[in-house]
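# Structural features, examined
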Amino acid sequence: DTAVSQTPKYLVTQMGNDKSIKCEQNLGHDTMYWYKQDSKKFLKIMFSYNNKELIINETVPNRFSPKSPDKAHLNLHINSLELGDSAVYFCASSQDSGGNNEQFFGPGTRLTVL
Amino acid sequence: GDSVTQMEGPVTLSEEAFLTINCTYTATGYPSLFWYVQYPGEGLQLLLKATKADDKGSNKGFEATYRKETTSFHLEKGSVQVSDSAVYFCALSDQGAQKLVFGQGTRLTINP
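Residues numbered from 1 in each chain as written. Chains lettered and ligands numbered in written order. Predicted model: local features only at pLDDT ≥ 70, side-chain atom pairs only at ≥ 80, totals over all residues. Heavy atoms only, no water.

### Details of the overall build of chain B
Scanning chain B from terminus to terminus reveals 0 helices and 12 strands. Expected size for 112 residues packed as a compact globule is a radius of gyration near 13 Å; at 13 Å, chain B falls within 12% of this value. Projecting the C-alpha coordinates of chain B onto the three principal axes gives extents of approximately 45 × 30 × 20 Å. Considering chain B as a whole, with its 112 residues, one finds that 46% of them fall into the buried category. Here the contacts in chain B between residues at least 6 apart in sequence split such that 56% fall between residues at least 24 apart. Of the roughly 5,100 Å² of accessible surface on chain B, a fraction of 47% belongs to carbon and sulfur atoms. Distance between charge centroids for chain B: 5 Å, based on 9 positive and 12 negative side chains. (Helix = DSSP H or I, 4+ residues; strand = E, 2+ residues; numbered from the N terminus. Rg over C-alpha atoms; globule rule 2.2 N^0.38 Å. Buried < 20%, exposed > 50% of the residue type's maximum accessible area, 1.4 Å probe, protein only. Contact = heavy atoms within 4.5 Å. Areas by Shrake-Rupley, 256 points an atom, 1.4 Å probe, with all protein chains shown as cover. Lys, Arg positive; Asp, Glu negative; His and termini not counted. Charge placed at Lys NZ, Arg CZ, Asp CG, Glu CD.)

See the structure below:
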């Protein structure tokens with residue numbers, strides 16, 4: 001029974017296109033996150049939502065727009081894709097936004113922009 | 001701002017060797033400290049954590065102790081197995097910042 005799921009697992013697209021990645025968690029958590037992992041495995045937070053409200057936006061270009069229709073879902077829409085957007089994107093969730101809480105990660109979406 | 005520095009990889013060891021992966025941090029407050037592990041093709045999983053100074057986190061034979069005086073959280077295991085091959089991430093979470101800050105990751109390969 002998957003805790004944090006993401007779709008699609010792989011996404012290959014052309015520069016300039018618009019694409020979305022979906023994330024769902026069935027853990028009953030209040031807080032969800034998007035992380036970007038670059039080709040050197042460096043992992044950096046992009047966004048965080050708590051109960052559908054944005055609480056962290058780490059100076060991500062506004063081509064990236066997260067949307068949380070309910071607290072179990074956090075989708076990521078990317079407009080006008082650029083080569084530098086190629087990366088693995090991980091969704092995660094935690095019980096709440098407290099610093100001690102374990103974050104549970106999805107399997108990742110590998111985005112390749114050609 | 002907060003930051004985490006891990007030892008450079010990759011690290012290659014033989015089975016049953018002793019493992020240490022160094023991790024030091026910089027934080028303005030009193031962070032919680034974590035080790036996450038990423039197996040090939042998978043997302044990250046929590047390996048262990050410590051929430052205050054002198055706490056020791058442990059799991060699956062791995063240990064790390066929160067050392068405030070040296071701002072360190074080094075990961076150790078006495079006898080590694082081939083199945084421990086993965087990328088290991090040290091991370092901190094400052095209560096006020098409400099986010100995880102990761103080190104750059106250390107790729108570990110264990111040869112039989």
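Read on, since the account is not over.
### Describing the sheet that holds strand β8 (residues 62-65) of chain B
All names here are of chain B. The antiparallel open sheet is built from 4 strands, whose spatial order is β3-β9-β8-β7. Strands with a single pairing partner mark the edges of an open sheet, and in this sheet they are β3 (19-21) and β7 (56-59). Averaged over all pairs of adjacent strands, the angle between strand axes in this sheet comes to 15°, irrespective of strand direction. Looking at chain direction, β7 and β8 are connected through 4 bridges and run antiparallel. Bridge pairing in β8 places glycine 57 opposite alanine 64. (Pairing = 2+ DSSP bridges. Axes fitted to C-alpha atoms, helices over the stretch in contact; angles between N-to-C directions.)

### What about the nonpolar core?
Within the largest apolar cluster, 27 residues are counted, with the highest numbers of intra-cluster contacts made by Trp35(B), Leu47(B), Leu48(B), Phe73(B), Leu75(B) and Tyr88(B). For this core, the secondary-structure elements that each account for two or more residues are β2 (11-14), β3, β4 (23-26), β5 (32-38), β6 (44-50), β8, β10 (86-93) and β12 (106-111) of chain B. Sorting elements by how many residues they give to this core places β10(B) first, with 4 residues. Residues in contact with Phe73(B), not counting those within four places in the same chain, are Cys23(B), Leu33(B), Phe34(B), Trp35(B), Leu48(B), Lys49(B), Ala50(B), Ala64(B), Thr65(B), Tyr66(B) and Cys90(B). Grouped together as the second largest cluster of nonpolar side chains are 20 residues, Leu76(A), Tyr89(A), Cys91(A) and Val113(A) included. (Core = buried A, V, L, I, M, F, W, Y, C linked by side-chain atoms within 4.5 Å.)

### Considerations on the state of the cysteines
If you walk through the whole model with that rule in mind, you get 2 disulfides over all chains. Across a sulfur-sulfur distance of 1.9 Å, Cys23(A) and Cys91(A) are joined as a disulfide pair. Disulfide Cys23(A)-Cys91(A): torsion about the S-S bond near -75°, hence left-handed. Of the two residues, Cys23(A) sits in strand β3 (residues 19-25) while Cys91(A) sits in strand β9 (residues 87-94), which places them 68 residues apart along the sequence. A single burial state applies to Cys23(A) and to Cys91(A), both of which are buried. Cys23(B) shares a disulfide with Cys90(B); S-S distance 1.9 Å. Note on the Cys23(B) and Cys90(B) pair: the S-S dihedral is about -70°, so by sign convention the disulfide is left-handed. Placement of Cys23(B) in strand β4 and of Cys90(B) in strand β10 is noted, with a sequence separation of 67 residues between them. The pair formed by Cys23(B) and Cys90(B) is uniform in burial state, with each residue classed as buried. (Disulfide = S-S within 2.5 Å.)

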